[in-house]
Amino acid sequence: MLPDTVHKLPREERFAYARLLAFMARVDNELSVDEMAMFEQRLGTALLSPKQREMIRGALKTPPSLESCLENMGDEAGRLALRDSVLMAAADGTVDEDEREVLEEISAHFGLADDAVDRLLRWTVDGYAWMAAGYELLNDLSE
Amino acid sequence: MFTDPLGDCSPNDKITYASILVLIASADGELVREEFCAIEALMGRILIHPEVRVDIRNLLTDPPDMDELLIAIDPALIKFALRDAALVAAIDGEYDESELELINQLATAAEIDDDTLKEIFDWVSSGLAWHNQSLAILEI
């Protein structure tokens, strides 16, 4: 919901970005409402065509392999997908071992620093605190 | 991670909420891609049905009337619409006069005073700063 560069990527890169998110959403074989909401939120910023959205929602039911997601994926799309995968993985409050392993694999694939996933996790915690502050600011009004 | 009641509100309230955001985005007469992305993201976040989103997108060419929307929406949700309207309005880098006028109309309807409105604008600014930090981590 914040200004981003995903929409500036070529259409096929945006599709690849969304496909990687679909893969990530199913890593732990569960898809909570919170993860789904984050997935749909990020999908919105990708401005995909209706047909592409349909294909991505199909990928949620039958997830692609990580290798096929990463194959020929551009650097910027991959890095943004990594960041948003962290956001999505953390949406239910925990990042389990399987998810963490995949995040590290994606980070290494795109040549990011060894501590990139840790930094993204800390960034995500800050972001969820920011979202909570937005709610508390308004919720306090009715007390 | 729903940190507010928008995710659980009625389908009609979701439509009205999204319509308010469309009205804000189209207020200055030009819809930039960033505003469109923000609306798409916020509609996705509260899981508005894909077919309903098509109807909401169509409002961009024929924006609704704020007074009618304020009558239609659950009064308890107006302040959340105000918060997200401030986000959408800020997304292209500045608040336009016509956007501010609508935001003030929402603030009045939600009985939000100037100090709280300033806090909302500050919250938006801190969110933009937070989001930009990710690009440094990603070396983009």
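Keep in mind that this is a model prediction, so the values were computed, not measured. (Residues numbered from 1 in each chain as written. Chains lettered and ligands numbered in written order. Predicted model: local features only at pLDDT ≥ 70, side-chain atom pairs only at ≥ 80, totals over all residues.)

Caption draft 1: Structural context of the overall build of chain B. Each helix and strand counted, chain B has seven helices and zero strands in total. Taken against the 2.2 N^0.38 rule, which gives 14 Å for 140 residues, the C-alpha radius of gyration of chain B at 15 Å falls within 12% of a compact globule. If one aligns the C-alpha atoms of chain B with their principal axes, the spans along those axes are about 45 × 35 × 35 Å. Buried positions account for 44% of the 140 residues belonging to chain B. When contacts within chain B are restricted to residue pairs at least 6 apart in sequence, long-range pairs at least 24 apart make up 81% of them. (Helix = DSSP H or I, 4+ residues; strand = E, 2+ residues; numbered from the N terminus. Rg over C-alpha atoms; globule rule 2.2 N^0.38 Å. Buried ≥ 20, exposed ≤ 12 C-beta atoms within 10 Å, placed from the backbone. Contact = placed C-beta atoms within 7 Å.)

Caption draft 2: Local environment of the confidence of the model for chain B. Here chain B shows a mean pLDDT of 92. Residues at 70 or above account for 98%. Across the interfaces of the predicted complex, the ipTM metric reaches 0.89, alongside a pTM of 0.91. (pLDDT = per-residue confidence, 0-100.)

Caption draft 3: Seen up close, the packing of helix α5 (residues 78-90) of chain B against helix α7 (residues 114-137) of chain B. Residues and elements named next belong to chain B. Between α5 and α7, the shortest axis-to-axis distance is 10 Å and the interhelical angle comes to 50°. Taken together, the axes of α5 and α7 are oblique relative to one another. In this structure, α5 meets α7 at a crossing whose hand is right-handed. Of α7, the residues touching α5 (which contributes Leu82, Arg83, Ala86, Leu87 and Ala90) are Ile120, Phe121, Val124 and Leu128. (Axes fitted to C-alpha atoms, helices over the stretch in contact; angles between N-to-C directions. Parallel < 35°, antiparallel > 145°, perpendicular 65-115°, else oblique. Left-handed = near helix turned anticlockwise from the far one by under 90°.)

Caption draft 4: Region of interest: the interface of chain A and chain B. At the interface, 38 residues of chain A touch 38 residues of chain B. Ranked by residues supplied to the side of chain A that touches chain B, first place goes to helix α7 (residues 116-139) of chain A with 15 residues. Residue classes in the side of chain A that touches chain B are distributed as 22 nonpolar, seven polar and nine charged. (Nonpolar A, V, L, I, M, F, W, Y, C, P; charged D, E, K, R; others polar.)

Caption draft 5: Layout of the nonpolar core. Judged by nonpolar contacts, the single largest core of 43 residues is most densely connected at B:Leu21, B:Ile39, B:Ala81, B:Leu82, B:Ala85 and B:Val88. Looking at this core, the elements that each hand over two or more residues are α1 (11-25), α2 (33-45), α5, α6 (97-109) and α7 of chain B. When residues in this core are grouped by element, the largest group, ten residues, is from α5(B). The contact partners of B:Val88, leaving out residues within four places of it in the chain, are B:Leu21, B:Ile24, B:Ala25, B:Glu35, B:Ala38 and B:Ile39. Listed in part, the 34 residues of the second largest apolar core include A:Ala46, A:Cys69, A:Leu82 and A:Ala90. (Core = buried A, V, L, I, M, F, W, Y, C linked by C-beta atoms within 7 Å.)

Caption draft 6: Broad picture of unusual backbone geometry. All names here are of chain A. The residue Asn29 is not glycine, and still its phi comes out positive at about 60°. Tracing the backbone through its elements, the reader meets Asn29 in the loop between α1 (11-25) and α2 (33-45). Although it is not a glycine, Asn72 sits at a positive phi angle of roughly 65°. If you trace the backbone, Asn72 turns up in the loop between α4 (66-70) and α5 (75-89). Given 9 C-beta atoms within a 10 Å radius, Asn72 is considered exposed.

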